Amino acid sequence: MIILLPNESKDLNEMKREARGGVNEEGLVLQLLGKIKTSNDHRIEADYEGQLNFEKVKCFAIGMVNGKGSGLSILAITTVDQFGERQIKAAKALANSVRFYQPIVSKASEYW
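Residues numbered from 1 in each chain as written. Predicted model: local features only at pLDDT ≥ 70, side-chain atom pairs only at ≥ 80, totals over all residues. Heavy atoms only, no water.

1. A look at the side chain of Gln87
Here comes step 1: Its place among the elements puts Gln87 in helix H2 (residues 85-97).
Here comes step 2: In this structure Gln87 comes out as buried when scored by relative accessible area, which is 13%.
Here comes step 3: Apart from the residues lying within four places of it in its own chain, the contact partners of Gln87 are Ala76, Thr78 and Gln82. (Helix = DSSP H or I, 4+ residues; strand = E, 2+ residues; numbered from the N terminus. Buried < 20%, exposed > 50% of the residue type's maximum accessible area, 1.4 Å probe, protein only. Contact = heavy atoms within 4.5 Å.)

2. Observations regarding the sheet that holds strand S5 (residues 55-64)
Here comes step 1: In spatial order, the strands read S1-S6-S5-S4-S3-S2; together these 6 strands make up an open sheet with antiparallel pairing. Two strands in the sheet have a free side with no partner beyond their single neighbour: strand S1 (2-7) and strand S2 (23-25). Within the sheet, the average angular offset between the axes of one strand and its neighbour, ignoring direction, is 25°.
Here comes step 2: Relative to strand S6 (residues 71-79), S5 runs antiparallel, the two sharing 8 bridges. For Cys59, the partnering residue across the bridge sits in S6 and is Ile77. (Pairing = 2+ DSSP bridges. Axes fitted to C-alpha atoms, helices over the stretch in contact; angles between N-to-C directions.)

3. What about H2?
Here comes step 1: Taking 1.5 Å per residue as the helical rise, H2 with its 13 residues ought to reach 18 Å, and the 18 Å between its terminal C-alpha atoms agrees with that figure.
Here comes step 2: For H2, the set of buried residues is Gln87, Ile88, Ala91 and Ala95. Buried residues along H2 cover an arc of 100° about the axis, so they all sit on one side. Facing away from the buried side of H2 by more than 90 degrees, the exposed set consists of Arg86 and Lys89.
Here comes step 3: Contacts made by the buried residues of H2 are with S1, strand S4 (43-52), S5 and S6. (Expected span 1.5 Å × (residues − 1). Arc of directions from axis to C-beta.)

4. Re helix H1 (residues 12-20)
Here comes step 1: Those residues of H1 lying buried are Leu12, Met15, Lys16 and Ala19. Take H1 and look down its axis: the buried residues cluster within an arc of 100°, on one side only. Within H1, the exposed residues directed more than 90 degrees away from the buried face are Asn13 and Arg17.
Here comes step 2: Elements in contact with the buried residues of H1: S1, strand S3 (28-40), S4 and S5.
Here comes step 3: Of the residues that open H1, the one with a side-chain oxygen 3.1 Å from the backbone nitrogen of Asn13 is Asp11.
Here comes step 4: Phi turns positive one or two residues past the end of H1, at Gly22, with a value near 75°. (Polar contact = N/O pair within 3.5 Å; in protein donor to acceptor, adjacent residues only side chain to side chain.)

5. Overview of the nonpolar core
Here comes step 1: Leu30, Ile44, Tyr48, Cys59 and Ile77 are the most contacted members of the largest nonpolar core, which totals 16 residues.
Here comes step 2: For this core, the secondary-structure elements that each account for two or more residues are H1, S3, S4, S5 and S6.
Here comes step 3: The element best represented in this core is S4, accounting for 4 residues.
Here comes step 4: Dropping the residues within four chain positions of it, Cys59 is found in contact with Leu30, Ala46, Asp47, Tyr48, Leu75, Ala76, Ile77 and Phe83.
Here comes step 5: In terms of nonpolar packing, the next biggest core, distinct from the first, is built from 11 residues, Leu72, Phe83, Ile88 and Ala95 among them. (Core = buried A, V, L, I, M, F, W, Y, C linked by side-chain atoms within 4.5 Å.)

Following this line, the structure appears as structure tokens:
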């Protein structure tokens, strides 16, 4: 399973602080496993382990900072016994396809 989440971090240091705290959402609890790797000026990667709906899981996560607005977090999650290079490759391929751009706001949408 791959989950995409918005990321509001303004820089890598802020994103790393948040990443160290793991994830604790309804049904999903993940703790950092090892160190956070900085891939480039706008991207970090890390491994996590924890539980999804009370089942043990492993996760490979990529966090991306966007200097033009919201960034993106990509979580590739599966059971511990199913986790492997396939999930890591899928998350990296997805991250490599992401292109951030400056949103164009029309006058009509300014009122929403």
